[in-house]
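A closer look at the structure
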Amino acid sequence: MAKTLTILGIESSCDDTAAAVVRHTDGQSPEILSNEVFGQTDLHADFGGVVPEIAARAHAEKLDVMVEAALATSTLSLADIDAIAVTAGPGLIGGVMSGVMCAKGLAAGAGKPLIGVNHLAGHALTPRLTDQLEFPYLMLLVSGGHCQFLIAHSATKFQRLGGTIDDAPGEAFDKVAKLIGLPQPGGPSIEHAAKSGDAKSHKLPRPMLDRDGCDMSFSGLKTAALRARDALVTAQGGLHPQDQANLSASFQAAVTDVLAEKTRRALALYLELEPKAPAIAVAGGVAANQTIRASLQALATDHGVRFTAPPLKLCTDNAAMIAWAGMERFRLGLIDDLTLAARPRWPLDTAAPAMLGSGKKGAKA
Ligand code: KG4
Ligand code: ZN
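Scoring rules and cut-offs
- Residues numbered from 1 in each chain as written.
- Chains lettered and ligands numbered in written order.
- Predicted model: local features only at pLDDT ≥ 70, side-chain atom pairs only at ≥ 80, totals over all residues.
- Heavy atoms only, no water.
- Core = buried A, V, L, I, M, F, W, Y, C linked by side-chain atoms within 4.5 Å.
- Buried < 20%, exposed > 50% of the residue type's maximum accessible area, 1.4 Å probe, protein only.
- Helix = DSSP H or I, 4+ residues; strand = E, 2+ residues; numbered from the N terminus.
- Contact = heavy atoms within 4.5 Å.
- Near = heavy atom within 4 Å.
- Polar contact = N/O pair within 3.5 Å; in protein donor to acceptor, adjacent residues only side chain to side chain.
- Areas by Shrake-Rupley, 256 points an atom, 1.4 Å probe, with all protein chains shown as cover.
- Nonpolar A, V, L, I, M, F, W, Y, C, P; charged D, E, K, R; others polar.
- Donors = N, O, S within 2.8 Å, 3.2 Å for Na, K, Ca; no water.
- Expected span 1.5 Å × (residues − 1).
- Salt bridge = Lys/Arg side-chain N within 4 Å of Asp/Glu carboxyl O.
- Pairing = 2+ DSSP bridges.
- Axes fitted to C-alpha atoms, helices over the stretch in contact; angles between N-to-C directions.

Considerations on the nonpolar core
Among the nonpolar cores identified, the biggest contains 81 residues, and Phe 218, Phe 251 and Leu 259 are the most heavily contacted of them. Considering every element that reaches this core, the biggest residue donor is helix H8 (residues 241-271), with nine residues. Sequence-distant contacts of Phe 251, defined by excluding residues within four places in its chain, comprise Ala 172, Phe 173, Val 176, Ile 190, Leu 204 and Leu 221.

Structure follows, in structure tokens:
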């Protein structure tokens with residue numbers, strides 16, 4: 001197989017239409033030649049969540065535009081591409097189908113190999129694209145739609161240690177922001193408000209810390225935040241900015257404590273493998289939160305373990321991660337054909353028990 005490979009990646013499993021070109025030469029750091037994302041947030045803003053039909057239509061309209069943009073930015077043409085990688089699931093079926101159809105058309109038209117990629121593998125392999133982490137490493141994938149601990153053993157073997165049984169943390173940030181009157185997306189609003197709040201002002205629960213293992217729950221925490229808000233509204237007729245700040249700080253501290261404690265447990269399980277270069281990596285939109293990052297960094301430092309968090313643009317949904325995951329599969333000779341199917345449900349670790357929850361964006365994984 002060629003020493004230098006150039007892969008076009010396509011992503012459309014949720015509400016971002018994305019295309020990217022990644023190049024890698026054996027023994028060198030990979031290069032992201034382009035990374036184009038069209039976010040659909042505005043299209044769904046009036047509906048309080050992602051509307052699958054609107055998302056699918058927007059993907060179908062934007063996919064070729066994004067592919068053209070990704071090729072143009074990389075100053076390459078399809079002829080220069082070694083293979084086309086596309087998210088084949090999990091995700092909203094209409095969007096995934098749009099991406100898979102687009103990739104099949106390009107692959108068939110240009111006579112290029114087609115590679116179907118699991119979206120979660122894209123997130124989970126990102127630390128190898130950004131920091132060249134060696135297997136095995138521990139991954140905390142934490143976003144608006146996902147929350148799970150994985151040990152990445154290889155590009156094709158992921159062991160799920162646990163995950164949320166209901167909401168994803170990003171979803172909880174968004175809902176709590178909404179109920180205390182802060183703008184969407186909730187994560188950054190709550191993080192900002194929390195800076196001037198007192199994290200001890202409200203006693204919010206740390207769900208499931210009394211239970212063994214790495215599973216988590218964030219839905220009860222959201223309800224507790226709702227009760228705390230209602231108590232303030234009843235007592236004083238509304239919320240002052242200081243109340244928003246205090247609720248934000250208390251909520252953020254509760255999420256941080258749960259993630260840190262469950263990461264500590266996941267880390268203990270991972271360290272039993274005695275990895276040569278132990279590392280924890282975090283990915284997903286919630287990984288942008290500085291308080292959460294700092295607490296995970298501190299935990300890693302305490303255990304003498306490397307900590308990596310990719311730049312935000314590569315934490316949130318993007319196609320560079322899909323191109324990279326496709327690159328890893330291509331190097332292993334894992335190529336698909338035109339029968340590649342879109343899969344709305346596609347757990348990374350098929351041996352682990354099915355997750356109960358799904359997250360606001362519906363990816364069942
Ligand atoms: O990975 P992402 O872009 O999309 C998916 O969910 O797939 O993550 C978006 C989520 C939103 O729920 C947003 O509120 C949350 O990540 N988020 C944050 C922060 N920035 C984004 N949550 C906490 N703190 C932040 N700074
Ligand atoms: Zn994602």
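Read on, since the account is not over.
Observations regarding unusual backbone geometry
In this structure, the amide linkage connecting Gly 89 to the following residue, Pro 90, adopts the cis form with an omega of -10°. The residue after Gln 184, namely Pro 185, is reached through a cis peptide bond having omega -10°. If you trace the backbone, Pro 185 turns up in the loop between helix H5 (169-179) and helix H6 (186-194). Notably, Thr 75 is not glycine yet its phi reads approximately 55°, a positive angle. Of note, Thr 75 is situated in the loop between helix H2 (52-74) and strand E4 (83-89). The phi angle at Met 208 is positive, at roughly 70°, despite the residue not being glycine.

Some details on the site of ligand 1
For ligand 1, the set of nearby residues contains 21 residues, the closest of which are Gly 144, Asp 174, Gly 187, Glu 191 and Gly 285. Within the backbone of Gly 170, one N or O atom sits 3.0 Å away from an oxygen atom of ligand 1. One nitrogen or oxygen atom from the main chain of Gly 285 is found 3.0 Å from an oxygen atom belonging to ligand 1. For ligand 1, whose free accessible area comes to 550 Å², the fraction covered by protein is 91%. Contributing elements (two or more residues each) for the shell around ligand 1: H5 and H6. Its residues placed into classes, the shell around ligand 1 shows five nonpolar, ten polar and six charged.

Quick look at the environment of Pro 311
Summarising the element assignment, Pro 311 is placed in the loop between strand E10 (306-308) and helix H10 (312-315). Counting along the chain gives 166 residues from Pro 311 to Gly 145, while the straight-line C-alpha distance between them is 19 Å.

A closer look at the coordination of the zinc ion (ligand 2)
In an ideal tetrahedron of four donors about a metal, each angle is 109.5 degrees. In an ideal octahedron of six donors, the angles are 90 or 180 degrees. The protein atoms that coordinate the zinc ion (ligand 2) are His 119 (NE2), His 123 (NE2) and Asp 317 (OD), at distances of 2.1 to 2.2 Å. Counting gaps between the donor residues of the zinc ion (ligand 2) yields the pattern H-x3-H-x193-D. Taken together, the residues span a long stretch of sequence, with His 119 in helix H4 (residues 119-131) and Asp 317 in the loop between H10 and helix H11 (320-331) at a distance of 198 residues. There is no split in this pair, since His 119 and Asp 317 are both buried.

Re H2
If you check H2, its first and last C-alpha atoms are 31 Å apart, about what 23 residues at 1.5 Å a residue would give, namely 33 Å. Each element contacted by the buried residues of H2 is listed here: strand E1 (4-11), strand E2 (16-25), strand E3 (31-39), helix H1 (41-44) and helix H3 (93-110). At the exit of H2 stands Thr 75, carrying a positive phi of roughly 55°.

Notes on the pattern of salt bridges
A complete count under the given rule lists ten salt bridges for this structure. Lys 175 serves as the salt-bridge partner of Asp 167, at 3.8 Å between the closest nitrogen and oxygen. Look at Asp 167 and you get buried, because its relative accessible area is 8%. Among the salt bridges present, the one from Arg 206 reaches Asp 257, with a minimum N-O distance of 3.0 Å.

Points about the sheet that holds strand E7 (residues 147-152)
Taken together, five strands build an open sheet; the order of strands is E8-E7-E6-E9-E10 and the sheet is mixed. Each edge of the open sheet is held by one strand with a lone partner, namely strand E8 (158-163) and E10. When strand polarity is set aside, the average angle formed by the axes of neighbouring strands in this sheet is 20°. Here strand E6 (residues 137-142) pairs with E7 via six bridges, running antiparallel. Residue Leu 140 lies in a different strand from E7, and its bridge partner there is Phe 149. Most of the contacts of H4 go to E6, to which it runs at about 125°, and overall it touches E6, E7, E8, strand E9 (279-283) and E10. Contacts from H8 reach E6, E7, E8 and E9, with the element oriented near 155° to E6.

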